[in-house]
Amino acid sequence: MSEPADAPSARPLALVTGASRGIGAAVARALASRYDLLLGGRDADALERLAAELPGARPWPVELTDPAALAVATAGVDRLDVLVHSAGVGLLGTVAETDAETWRRQFDINVIAVAELTRLLLPALRAARGDVVLINSGAGFTARPGWASYAASKFALRAFADALRAEEADNGVRVTSVHPGRVDTEMQRGVVAHEGGEYDPGRYLRPESVAGAVLLAVTAPDDAVLTEVVLRPAGG
Ligand SMILES: NC(=O)c1ccc[n+]([C@@H]2O[C@H](COP(=O)([O-])OP(=O)(O)OC[C@H]3O[C@@H](n4cnc5c(N)ncnc54)[C@H](OP(=O)(O)O)[C@@H]3O)[C@@H](O)[C@H]2O)c1
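Below is a short write-up of the structure. Because the structure is predicted, anything quoted here is derived from the model rather than measured.

**Quick notes on the site of the ligand**
Around the ligand sit 29 residues, and of these Ser20, Arg21, Arg42, Tyr150 and Thr185 come closest. In this structure, Ile23 approaches the ligand through a main-chain N or O atom, which is 2.8 Å from an oxygen atom. The separation between an oxygen atom of the ligand and a polar side-chain atom of Tyr150 is 2.6 Å. Considering the ligand on its own, with 900 Å² of exposed area, one finds that the protein chains cover 95% of that surface.

Structure (structure tokens):
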């Protein structure tokens, strides 16, 4: 017998930010067979299209840098099995070129929004003994010329993940940082345009490969936590 349409789902729940495109959309697709999904992003049309493809998925359109909007959007989420932070920006430039406003925007979305969304959802994550996965970057380990503010935001994100993991271990919340190299997404197109190079998608990781690492982290057995997963394009 089928359940009534408004019956609570028996499946676990995952929230994926940045699900309107790129890595976040691939993560949502990878999780869809196991989890009901809240699809984060601002492009409501893209979120509706993805939700229509995936069973148990709903758009969750929120401006992540607006703490009041975050508080409203997270109210009523009492149990959350997986939180994947994929939303981010990649604003490049040398230190000489990067003004305070750019530093603030980069940190606002890549770090502060992540911290605030995590804080608001911690009770729900503890209730489910859930997983937090943060899409970091190779730039979370190494800062190259022209990448100071982006790399600094990703170093900060790694520090946030390390502290959160240590704080929440006794509550059963696992925390994983995923550090991909270059991935074939709109963000990478912007990076290559900034660098003045030719865009060759075959040289970059596929978003689905990064999503595979996220799935691996959240399906790891209970006795293990994947603390950091590093992925590089296999071609060198
Ligand atoms: N692409 C790479 O080569 C690469 C490599 C290493 C790490 N990463 C990291 O991977 C993550 C995803 O990158 P991507 O390549 O998939 O980027 P992308 O294609 O540019 O997508 C970025 C996503 O973030 C969302 N977003 C941005 N600002 C937001 C805001 N203020 N509020 C709500 N949502 C916002 C966008 O949603 P809307 O457009 O709907 O607002 C979009 O879904 C980022 O954290 C990035 O730093 C990327």
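Still more ground to cover, so stick around.
**Here we look at empty space enclosed by the protein**
Under the definition given, this model contains one cavity of 30 Å³ or more. A volume near 40 Å³ is recorded for the largest cavity. Every residue lining the largest cavity is listed: Thr17, Leu64, His85, Ala87, Ile109, Ala113, Val114 and Leu117. Per element, the largest residue contribution to the lining of the largest cavity is four residues, and it comes from helix H4 (residues 100-128). Grouping the amino acids of the lining of the largest cavity by side-chain chemistry returns six nonpolar, two polar and no charged.

**Looking at the environment of Arg49**
Relative to the assigned elements, Arg49 resides in helix H2 (residues 44-53). What makes Arg49 exposed here is its relative accessible area of 55%.

**Quick notes on helix H1 (residues 22-31)**
Of all 10 residues making up H1, seven are buried, and the element is well covered by its neighbours. Its buried side turned inward, H1 meets strand S1 (13-16), strand S2 (36-41), H2, strand S4 (82-85), strand S5 (131-135) and helix H7 (207-218).

**Here's the deal with the packing of H4 against helix H5 (residues 148-168)**
Interaxial distance between H4 and H5 falls to 9 Å at its minimum, and their mutual angle equals 15°. Between H4 and H5, the crossing angle belongs to the class labelled roughly parallel. Here the hand of the crossing between H4 and H5 comes out right-handed. Facing Trp103, Gln106, Phe107, Asn110, Val111, Val114, Ala115, Thr118, Leu122 and Arg126 of H4, the residues of H5 in contact are Ala148, Ser149, Tyr150, Ala152, Ser153, Lys154, Ala156, Leu157, Phe160, Leu164 and Glu168. Looking at the contact of H4 with H5, its residues break down into 13 nonpolar, five polar and three charged.

Reading the values: the criteria
All residue numbers here refer to positions counted from 1 along the written sequence of the relevant chain. Selection of residues for local features in this predicted model requires a pLDDT of at least 70, selection of side-chain atom pairs for listing and counting requires 80 or more, and totals for whole chains, interfaces and linings are taken over all residues. Side-chain metrics in this entry use all non-hydrogen atoms of the structure; hydrogen atoms and water are not considered. Proximity is defined per residue: if any heavy atom of the residue lies within 4 Å of a molecule or strand, that residue is considered near it. In the analysis that follows, any N or O atom pair within 3.5 Å is treated as a polar contact, provided that within protein one partner can donate a hydrogen and the other can accept it, and provided that, for residues neighboring in sequence, both atoms belong to side chains. Residue exposure ignores everything except the shown protein chains as possible cover, and the areas themselves are Shrake-Rupley values with a 1.4 Å probe. Points on a 1 Å grid, built from protein atoms alone, make a cavity when a 1.4 Å probe fits but cannot get out and make a pocket when they are open with protein on both sides within 12 Å along at least 5 of 7 lines; residues with an atom within 4 Å of a point are the lining residues. Grid points are joined across faces, edges and corners, and a volume is the space filled by probe spheres set on the points. Each helix corresponds to a stretch of at least 4 residues labelled H or I by DSSP, and each strand to a stretch of at least 2 residues labelled E; elements are numbered beginning at the N terminus. When residue character is reported, Ala, Val, Leu, Ile, Met, Phe, Trp, Tyr, Cys and Pro are called nonpolar, Asp, Glu, Lys and Arg charged, and the others, Gly included, polar. Between buried and exposed lies partly exposed: a residue is buried under 20% and exposed over 50% of the maximum accessible area for its type, with that area taken using a 1.4 Å probe on protein chains only. By definition in these notes, contact holds between two residues if any of their heavy atoms fall within 4.5 Å. Axes here mean lines fitted to C-alpha atoms, for a helix over just the part in contact, with angles spanning 0 to 180 degrees between N-to-C directions. Convention used here: angles under 35 degrees read as roughly parallel, angles over 145 as roughly antiparallel, angles from 65 to 115 as roughly perpendicular, and any remaining angle as oblique. Here a crossing is taken to be left-handed if its near helix is turned anticlockwise relative to the far helix by less than a right angle, and right-handed if that turn runs clockwise.

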